[in-house]
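Here's the letter readout for the chains.
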Amino acid sequence: MIGVCYNGRMTEKKVAKEKGDFVDALVAWGCGLLHLTKYQKILTQLAKFVIAGVITTAIDWAIYFALCHFLLMDPLIAQLFSFTASTAVSFYINTVWVFDTTKSKTRRRLVAEFFFFSFCGLVMTEIMLYLFIDKMHINYMIAKIIATAVVMVFNFVTRKMFLEEKKA
């Protein structure tokens, strides 16, 4: 990958991708050990997506828990606040570290698509929380765990489809 130069220096994103990082090295080692080198790219991306997801989920859950438990906010309202904060962090991590972001779309379009699909994930989460908590009487944190697992799959697929450059 050729980096974009500014005053003779490559951008941080390009340098990081060319040198690789700990996750790249660990997945490369594991793929070599298990003879899965043809799947190395997708497995590396999936590993980074999971790490990014753990970080953004921790942000989401911490805010959600604090608002529900300490401020006694309604779980559906608390989800809106936790979603907004975690989505902003998620956009940054996913576009800088996880996915090879497409160059054929403007940054504004990437943001719009990312937030559109994140909003779809929010709607899915809100519906599941409503059903699990209000209709099935499941604990609000258990309901959050189930909803998070379902939406995580949706998020990976949509980000892979819409953030990345299409290979010809």
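Scroll up a little and you will see the structure.
All of the points below concern the structure found in this document.

Thresholds applied
- Residues numbered from 1 in each chain as written.
- Predicted model: local features only at pLDDT ≥ 70, side-chain atom pairs only at ≥ 80, totals over all residues.
- Heavy atoms only, no water.
- Helix = DSSP H or I, 4+ residues; strand = E, 2+ residues; numbered from the N terminus.
- Buried < 20%, exposed > 50% of the residue type's maximum accessible area, 1.4 Å probe, protein only.
- Contact = heavy atoms within 4.5 Å.
- Areas by Shrake-Rupley, 256 points an atom, 1.4 Å probe, with all protein chains shown as cover.
- Expected span 1.5 Å × (residues − 1).
- Arc of directions from axis to C-beta.
- Polar contact = N/O pair within 3.5 Å; in protein donor to acceptor, adjacent residues only side chain to side chain.
- Patch = residues over 30% accessible without salt bridge, like charges linked within 9 Å, V, L, I, M, F, W, Y side chains within 5 Å.
- Salt bridge = Lys/Arg side-chain N within 4 Å of Asp/Glu carboxyl O.
- Axes fitted to C-alpha atoms, helices over the stretch in contact; angles between N-to-C directions.
- Parallel < 35°, antiparallel > 145°, perpendicular 65-115°, else oblique.
- Left-handed = near helix turned anticlockwise from the far one by under 90°.
- Nonpolar A, V, L, I, M, F, W, Y, C, P; charged D, E, K, R; others polar.
- Phe/Tyr/Trp six-rings, centres within 6.5 Å; stacked < 30°, edge-to-face > 60°.
- Lys NZ or Arg CZ within 6 Å of the ring centre and 35° of its normal.

**Describing the overall build of the chain**
On a plain count of helices and strands, the chain comes out with six helices and two strands. Helices (α) and strands (β) of the chain occur, in sequence order from the N terminus, as β-β-α-α-α-α-α-α. Counting across all 168 residues of the chain, residues that qualify as buried make up 33%. Considering only intrachain contacts with a sequence separation of at least 6, the fraction spanning at least 24 residues in the chain is 67%. Summing over all exposed atoms, the chain offers an accessible surface of approximately 10400 Å²; the carbon and sulfur share of this is 73%.

**Comments concerning helix α2 (residues 22-33)**
Between the first and last C-alpha of α2 there are 16 Å, a value that for twelve residues agrees with the 16 Å anticipated at 1.5 Å per step. Of all the positions in α2, only Val23, Val27, Gly30 and Cys31 are classed as buried. The arc that holds every buried residue of α2, seen down its axis, measures 100°, which confines them to one face. What points out from α2, more than 90 degrees from its buried face, is the exposed set Phe22, Trp29 and Leu33. Elements that come into contact with the buried residues of α2 comprise α3 (40-70) and α4 (75-98). Of the residues flanking the start of α2, the one acting as N-cap is aspartate 21, its side-chain oxygen 3.0 Å from the backbone nitrogen of valine 23. Positioned one or two residues after α2, histidine 35 has a phi angle of 55°, which is positive.

**A short note on a nonpolar patch on the surface**
A cluster of nonpolar residues, Tyr39, Ile42, Leu43, Leu46, Val50 and Val54, forms a patch on the protein surface that exposes about 480 Å² of accessible area. Relative to the helices and strands, leucine 43 is located in helix α3. Looking at leucine 43, the relative accessible area reads 32%, which means it is partly exposed.

**Examining the packing of helix α5 (residues 107-135) against helix α6 (residues 140-163)**
Across the interface, α5 lies against α6 with an axial gap of 9 Å and an inter-helix angle of 155°. Judged by the inter-axis angle, α5 sits roughly antiparallel to α6. Remark: the crossing between α5 and α6 carries right-handed chirality. Looking at the contact of α5 with α6 residue by residue, the classes come out as 18 nonpolar, five polar and three charged.

**A few points about the packing of α2 against α3**
Axis separation between α2 and α3 bottoms out at 9 Å; the angle between their running directions is 135°. When the axis of α2 is compared with that of α3, the two are oblique. For the pair α2 and α3, the sense of crossing is right-handed. The segment α2 lies against α3, with Val23, Asp24, Val27, Ala28 and Cys31 engaging Gln40, Leu43, Thr44, Ala47, Lys48 and Ile51. For the contact of α2 with α3, a count of residues per class yields seven nonpolar, two polar and two charged.

**Observations concerning the packing of aromatic side chains**
As enumerated under the stated definition, the model contains eleven aromatic pairs in all. Ring plane angle 75° and centroid distance 5.0 Å describe the contact between phenylalanine 91 and phenylalanine 114, whose orientation is recorded as edge-to-face. Residue phenylalanine 91 is located in helix α4, and its partner phenylalanine 114 is located in helix α5; the two are separated by 23 residues in the primary sequence. Of the two residues examined, phenylalanine 91 and phenylalanine 114, each falls in the buried class. Counting every residue linked through ring pairs, the aromatic cluster contains Phe116, Phe117, Phe154 and Phe162. Sitting over the ring of tyrosine 64, lysine 144 keeps its end group 5.0 Å from the ring centre. A cation over a ring is seen here: arginine 159 above phenylalanine 114, with NZ or CZ 4.0 Å from the ring centre.

**Observations regarding the pattern of salt bridges**
Tallying each qualifying case throughout the model produces five salt bridges. The structure contains a network of salt bridges with shared partners spanning Asp21, Asp24 and Lys48.

Keep in mind these numbers describe shape, not what the thing actually does.
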